[in-house]
Each structure stands twice: as C-alpha cells, then as structure tokens.
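# Per-entry structural report
Residues per chain, in single letters:
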Amino acid sequence: MDLQNTVKEALNALYHHPDDAVRMQADRYLQDFQRTLDAWQVADNLLHDSSSNLETLIFCSQTLRSKVQRDFEELPSTAFRPLRDSLNNLLKKFHKGHPKVRTQISIAVAALAVHVPAEDWGDGGIVKWLRDEMDSHPEYIPGFLELLTVLPEEVLNYKIAARPERRRQFEKELTSQMEIALNILTACLAISELKEQVLEAFASWLRLKHGIPGSVLSTHPLVLTALSSLNSEFLSEASVNVISELIHYTAAGGVDGVSANMPLIQVIVPKVMNLKTQLSDSTKDEEDVKAIARLFADMGDSYVELIATGPNESMLIVHALLEVASHPEYDIASMTFNFWHSLQLNLTRRESYIQYVNEASIEAERNRRLLVFCPAYESLVSLVSFRVQYPEDYQDLSYEDLKEFKQTKYAVADVLTDAASVLGGDATLRILYMKLLEAVSGHGNNEHKDWRPAEAALFCIRAISNYVSVVEAEVMPQIMALLPKLPLQPQLLQTVCLTIGAYSKWLDSASCGVSILPSVLDILMKGMGTSEECAAAAALAFRHICDDCRKKLCGCLEGLFHIYNRTVNGEDSFKVPAEDSLHLVEALSVVVTELPPDDAKRALEALCIPIISPLQEAINQGPEILSKRPSRQLTIHIDRFAYIFRYVNHPEVVADAIQRLWPIFKAIFDLRAWDMRTMESLCRACKYAVRTSGRFMGVTIGAMLEEIQSLYRQHHQPCFLYLSSEVIKIFGSDPSCADYLKNLIEALFQHTTRLLTNIQEFTARPDIADDCFLLASRCIRYCPQLFIPSSVLPSLVDCSMIGITVQHREASKSILHFLADIFDLANSALGEQFIPIRDGVIIPRGASITRILVASLTGALPKSRVDVVSYTLLALMRAYGSRALEWAKECVLLIPSTAITDVERSRFLSALSDAASGGDTNGLIVPVEEFSDVCRRNRAVQEIVQEALRPLELNLGIVS
C-alpha cells in the first residue's frame, strides 16, 4: 500500500508540480519503478482500484503492458493463470472505459498469448478462449473485439521478449485459428454499431497474408460487407482498410498468388473501378477521394506484374491511375508514383522476360509491351511536369515549405526518368520542349513575362538528361539557342546553369557543340555574378563542361584561367561561395590533365599561384600570428591543393609541385599540428599527392613520413594515421621503401597502443582507434611481410581485445574488420606464409577473443553491429576449426540456463561447428542472429548474459 501511494504521489508530481526538477525526479522514479518486480502487483492493484484517476490508470496499464511484453519471465510459471484472469477482468471492467487504457490491456493479453503456447493457455488457445468468453459475456464484446484486432498485430511486435522459435509458433497458431476468428467477426456483424470495429479487426487478420483461400473469401460475408459500403454516401475508413488489405492479400504470393486468388480479384476490382468517377467529383470530401485514390494505387502496386503484360482489362486500372495522377492535390497524385516506377522496371528489366526462349522473342515481346504503355507515359509526362513550377508566393515560403517543394520536384524528376526509360529520352525531350516553347513564347518582347513555367520546363528537361542521346540533333540545338534569350531572373538562371551542366556530354558529342560553347560559358559567367545559389550552380556546370569537353577546351586555357583566377581570388563581381570554388579548381585540373607534360607543368604552376600567395603571406607573418589564425583561413586554400593533386593526372608534374610546395606544407605542419581541422585538410592534400604521384614522389615522401611520425607522438592527430594508410597502399609492396615503412608502422602502432590502454580511452579517442585499425588492416593487405613479423602485432591484438566493445560504430567496426583480416590471413597469397607467426599470437588469446566476440554478439555491442561481429566470429571458426569450437563451447557454457535453453545453446554451437568445418557462412548467419536475439530479448536476460561473460573484466594478457 505504501508503494501504491508513492506511485500515485510521483504521478501527481509528474503531471502537476510546477518545478521542472521535481517533475524530472518523479519521471526517473517512475521509470525505475517500472523495472521492479513489485511493479506487477502495484499496477494490477491500482487498475482494479475504483479510486484511481485517469493518469494513474493510463500509467498502470502501460506498465502492465510493458511488463508482460518484456519481463514475463520474471514471474513463476504458476503466475500465468492468475495474470490471465486478472487481465481478463480488467478488459471487462474497462470495456466502456478510456480507450487508451483498454488498448494497453488488450495489447498485454495479446503479448501474454505470444509468450504462452496454445496448449499451456488452455481452452484450445487464445482465439477459442476468446470465442468462449464472448459467448459467455456478450455485454463485453466491444472490449473483446479490440483484443481480437491487436492479436495478429503482435506477431511482428519485436518489443515482446519472445524467443524466435516461439514467435514463429505463435504465427502458426493464429493462422490455424483464422477461420474461427473470422467466424467470430461475422457473428459480430449482426450488431450494427460494431460494424466499423469488426471491419478493422478483419483488416488486421488479413495482414497475416495466409490462412483462407481467395475463393472462400470472395463470397465471405465480411468481404461483401466491406465492398457494399463502398457504394454508401460516406466512405467507411474501415471498409477501405479491408479492401486495401484484400488487394495486398491477393498479391502476397507474387504472380502465382494473383492466379490462385483470381476469384477474389474478380470480385474486388470491378467494385473499386466503379469509384473512378468520384475521383473528379468536386463535391466529394477530399479524405474520401484520398481513400479511393489509395485503393487504385494499391491495385496498381499489387498487380503491376500482371498489368505489365498489357492485357486490355489491366489498361482500365492504368487509365484510372492516370486520373489519380492528374488530381490537383499533389498528396493524392503522388500516390501513383511508386506504380509508374514499378511498371517501368517490369517493362524494361530483362528478368521480366525469362519465360521467352531467345533474344529475338524477348526483344519482340519487350517492344510490344513498351508500345502498349507509351501513350500512358506520354500522358504522365504532361500530367506531372507542371507540379515543379514555383508557386506565385515562393518568396514568402517558410523553410519547411521550401524543403517540401524541393522534395516534390525530386519526386517528379524520378517519375520523368521512369517515363524516359519507357519512351526513350529523345521522345520525352520532345514533349518537354513543347512545354518550354509554350512557356517562352513572347519572352523576347516582354521582359516581365512570368519566368516560372520556363523554369519548370527546364527543370524537367534537366531531369531526363541521362536518357537523352548525345547525338540528338533535332531539339537540343534549339534549346541551347533559347537559353541566352531567357531573362536573368535568379531562380531561372540557376536552373539554366544546371541544365547546361547536365547536358555537358551532349555538348562534347554534338557537331554544333564547339560553336555553342562560347555562349554557354557566357551564361555561366553571368550566373557566377548573380547570386550565391546561381554562382554555385554555374560553378558546378562549369566543372561538368570542363570534365566532358576537356579536349575541346584545351585551346581556351587563357579564358578558363581568367574565370578561375577571378573566382579563387574572390573578386566582388563573382559570388561563388568558397566551397563551390572547388568545382572550378577541379574543372581546370581536368583540362590541364589533357595537356602534354611540359604545358601541364606550366599550367599547374598557374593553378597554384593564387593559392600559394595567401598561404605564403600567412607564414611570412611569423609563427605567433599563423598559430592564431582561424583554421578556415588556411583550409580554404589547402583544400584547393587537394583538388589539384587529385584531378591533375600527371604523376611527375604533381610530384614536382609537391616537392616545391613542401616547405610551405612543412611550416603549416610544424606550426598548426595541434589544430585538427587544418591537419585533416593538409593530410587530405598530401594523400591525393601520394595517390597521384606514386613512386615519382622521391625524397618528399620520406620527409612527409618523418614529419607525421614525429608530430603524431606529440599531438595524436588521427589524420596522420589516415595519411600513413594511403602511403602503405601505394608503397607497401616496394622493397626499396621497406625500412622506413617498417619504422613508420612500428612507431605509430607502439604509440597508439600506449594511448589506448582501457575502454575509457577508446571511448574518449574513437577516431584514433578507427584510423589505427584501418591502418592495421591496410598493412595486412599491402605489406604483411613488414607487419605480421613485427614486434607490434601482439600488443595491437591485445589493444583490439580491449576496444572491441567500444560503442562508437566506426571504431568498433574497424577493430572487428582488423581481427577478421587476421583470421582470414590464409585467404591471401602474401599472407599464407605468415600463418605460424599469426597463430603464435592468436592461439594463446583465442579463448578470450572468442568470449569477447560472443559477449559482443549477445549484448555488449548494439544490435546493429551483429552482422560484423558474426562475420568476425565465423572467420575465427574457419581459421581455427575444432580448437575455436572448444573456445566457443567454454564461453557459451558460462551462460546460465535462466537465459538460454540447452536447445538454443546447441543450435548456436552447431552453426559455429558448420563454420569450423568449412560450411557456407551465409546459411549460418540466421542461427547466429537468433542466438543474439534470444540473449537480448529483455534487459534482465541481457544483464545475466553479460554478467556471465564479463567481456571488460577478462584477463587480457597471455592466457592458456
């Protein structure tokens, strides 16, 4: 009683106390209370107490529901019947009570049924028990109907801490009792005020997707009731839900399911088709129109494979879906978008034609089907293209509205690409070109003509650019000729620039491309001077044009450099944001790549001059001022070097440049080594220099590695490890580099293992852990001859054992991948010779590694990491066979039988045994994942398992 009063007081404080701190304290108390064993009795007592207020009832019903779902195993086996009877009494008590309370109690009873097998439930299982209860107590039927509704929904409720095997068994129990459930619902139809509730329950049972043949359902009273209500003046939401579920039900088995359920389909489809006229009825309520549109969309999505074969009857559904797509409300029209995409895939993918014997018959059938659907997709292009037009009040749109409008544009762009896949890009372009002509007619004489239709048409033309032939010569030249005549309105100009960029491949291939390029570049120059958004679009387009038309532009370097210098120097007339200026750096770099080496060297020097100057100036100001500069003032220029080194594909020229630039880089390394952002930017530039120059880097690479090796000891920047990783990839197999690479990796790993000595250090420095073990994996791949025999391998494996359970996703994955790479050493030709050395390190630690991996699988790491842990554990089994299996048996036997059964234990060990004997690991993932689920099914079980395995308290030294 004292505890009940305390709970009431805490609830009162939570909902009514004026002090936030008191409310938070009450909330914490109540959360802790819900995890206690006493919560069962207290919640039950307060629900039966007639003096409990609504807040108490809602809290206690939620508590009882969550206890049944998650903590049912806390109770002794004798508690089931009293609990069931108490919940049944509560269901009766609240059959006309607050809906929230009744729903929570219904879910609790359903969750109880998931835990308790039908034979233990008694009375033939929950459905028969429910039928008997409804027969004995007809006055409580509304409450029991809610239970009947939530029952099938609990099949897929993974909040319930049921074992996977029991969950599958529960689904079979419900499926076998589906006929009884539908008979109960049919009997309840006699009570007219319960019709909606009965149909909602029917829809819920249909989601099980099996149990009753379509031929039986086609004449079933529940189906006929739902269909008949489609004709009523007010559309019933429950009826729509039933018809929607019936449509999905008939398509559950793919094409075969559709054939088997044809009697039911022949009943449903005509009834839904009769609703088509209501789509355009202006007097109809919008919610009703939305419901009707949903049914047409469901039919399209479910029967798309049948529709794609092009029978005449299916075209009636296609025409109805075109009508939905034409609805002025975007939310309604967009319901069809998924269908047009699925239909396009069915029409164009080769897998749709596997029943045809040879290429000729496949091509003939494909062309026949495409011809059938071309008119529909032509109509679709016209129906959706207007939806991307800016609204008149676009300047007043809120951030959220603008975001929603952009999402609409992207969705329409996807529909247009689906249409282009069916019609062909050139045919789609012709339709959209007519829209553009309509939009621009009269622009020449009236500068104030609305720009929005032209922008919308160009957006659509840009969306299909990948589908338009690069030799298209009818429409594209006319579009390009139109672009300079359009008004310089910012949004329109932005789309013009993006369209130019999208057709860069066409500009390169078209016979008239060379003559068009000057006018196109002039438009981009105007874009760069209009607004930041325009300038960003122009810079992106400039990059695309230089990338695809690089050979044509080699003779225009002077003009390109003029644009480049104005942008990089930040001239006021140009509004290109610093981030977007990188597009221009990349653009010039790809053109320079096309030049002969001597010309490329001079051009690269010209590229570097406007970047070197500000950096040299900053260094000349002296160490004190340089160290105080905001990192952004340096990284903006260093990032440009990274782009030059990445995209100027002249290894010797780049190697020469980095050698000349090294004094500047070294000065920044020395004076800003404490600054993570600047170091990341500088290491990225060095990475691309190494990647492009390769072995032409000569003495510079030695100086670079010496620098990062020295600075890493002082500043522990993760990017030094990341740069070393790139060096290992390029130079790892080069015998002439062996000595200094061996020194590098030993120095870096020795220092890292001294930093990461406990799990708290891993948690505090996840980036170092991530980059350290990525580097270690690179060493296994590219220089095992240096890494495996080195003195750092044992300490690095010990370090990985400490850090496996770090919660940081990337760090944990890198450690697990490193261990898997060690275990899989025999898979590489280079690594096989080092297996004895590896075994000398792994075998003494094998039992501990296995135990940590099993602990990670069963709860020490989040569920999302189970696939990586599983792969690493199975790799260990493959590598060490029966010995690894013994390690696994030892640690699994530590888990008490209160957490797992002997059957679950042996099923898991059987999967590991199959892996140890070389079985296909893909088939073993499911039993391993199910073992993980069993051990995580609730907090109490997870704590028992972790307490038994103690991954953080193992002796991490050499173990026997």
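An unreviewed UniProt entry lists the protein chain under the name Importin N-terminal domain-containing protein, from Arachis hypogaea. Quoted verbatim from the Subcellular location (unreviewed entry) field of the UniProt record, the comment on the protein chain reads "Nucleus". We quote the UniProt Sequence similarities (unreviewed entry) comment for the protein chain here in full: "Belongs to the importin beta family."

### Things to note about the packing of aromatic side chains
Counted under the stated rule, the structure contains 22 aromatic pairs. Taken together, a centroid distance of 5.4 Å and an interplanar angle of 55 degrees make the contact between F80 and W121 tilted. With F80 in helix α5 (residues 80–93) and W121 in helix α7 (residues 118–121), the pair connects residues that are 41 residues apart, well separated along the chain. The two residues F80 and W121 agree in class, both being buried. Ring centres of Y643 and Y647 lie 5.7 Å apart, and the angle between their planes is 50 degrees; this geometry places the pair in the tilted category. Residue Y643 and its partner Y647 are located together in helix α37 (residues 631–647), separated by 4 residues, close to a single helical turn.

### Things to note about the side chain of N938
Relative to the elements of secondary structure, N938 occurs in the loop between α52 (925–935) and α53 (939–949). A polar contact of 2.8 Å, which involves the side chain of N938, links it to the backbone nitrogen of V941. Residues within four places of N938 in sequence aside, it is in contact with R70, D71, E73 and A161.

### Side note on the domain arrangement of the protein chain
Split into domains, the protein chain comes out as domain 1 (1–66), domain 2 (75–208), domain 3 (211–273), domain 4 (289–312 + 320–467) and domain 5 (843–959). For domain 2 and domain 4, the distance between their C-alpha centres works out to 45 Å.

### Describing the packing of helix α28 (residues 490–502) against helix α31 (residues 532–548)
Packing of α28 against α31 leaves a shortest axis separation of 8 Å and a crossing angle of 10 degrees. One finds that α28 runs roughly parallel with respect to α31. Where α28 crosses over α31, the two elements pack in a sense that is left-handed. Mapping the contact onto sequence places P490, L493, Q494, C497, L498, I500 and G501 in α28 and E533, C534, A537, A538, L540, A541, H544 and I545 in α31. For the contact of α28 with α31, the class distribution of residues is 11 nonpolar, 3 polar and 1 charged.

Rules used in this analysis
- Each residue is numbered by its place in its chain's sequence as written, counting from 1.
- Only residues with pLDDT of 70 or above have their local features reported here, since the model is predicted, and side-chain atom pairs are shown and tallied only from 80 upward, although totals for entire chains, interfaces and linings are computed over all residues.
- Processing note: side-chain calculations cover all non-hydrogen atoms of the structure and skip hydrogens and water entirely.
- UniProt positions are given in the numbering used here, feature names are shortened, and annotations may be inferred rather than shown by experiment.
- Stacked, tilted and edge-to-face are the three classes assigned to paired rings of Phe, Tyr and Trp, where Trp is represented by its six-membered ring and a pair needs centres within 6.5 Å; plane angles under 30 degrees give stacked, over 60 edge-to-face, the rest tilted.
- Numbered from the N terminus, helices here are DSSP runs of H or I no shorter than four residues, and strands are runs of E no shorter than two.
- Note on classification: 1.4 Å probe, protein chains only; a residue is buried when its accessible area is under 20% of the maximum for its type, exposed when over 50%, partly exposed between these limits.
- Counted as a polar contact is a pair of N or O atoms within 3.5 Å, where, for protein atoms, one must be capable of donating a hydrogen and the other of accepting one, and residues adjacent in sequence contribute only when both atoms are in side chains.
- Contacts were defined at the residue level, with two residues in contact if any of their heavy atoms lie within 4.5 Å.
- Residue ranges labeled as domains rest on an automatic or database domain assignment.
- The angle between two axes is taken between their N-to-C directions and runs from 0 to 180 degrees, where each axis is a line fitted to C-alpha atoms and a helix contributes only its stretch in contact.
- Oblique is the label for every angle not falling under 35 degrees (roughly parallel), over 145 degrees (roughly antiparallel), or within 65 to 115 degrees (roughly perpendicular).
- Crossings are sorted by hand: turned counterclockwise from the far helix by less than a right angle, the near helix makes the crossing left-handed, and turned clockwise it makes it right-handed.
- All residues other than Ala, Val, Leu, Ile, Met, Phe, Trp, Tyr, Cys, Pro, Asp, Glu, Lys and Arg, Gly among them, are scored as polar; the first ten of these are nonpolar and the last four charged.

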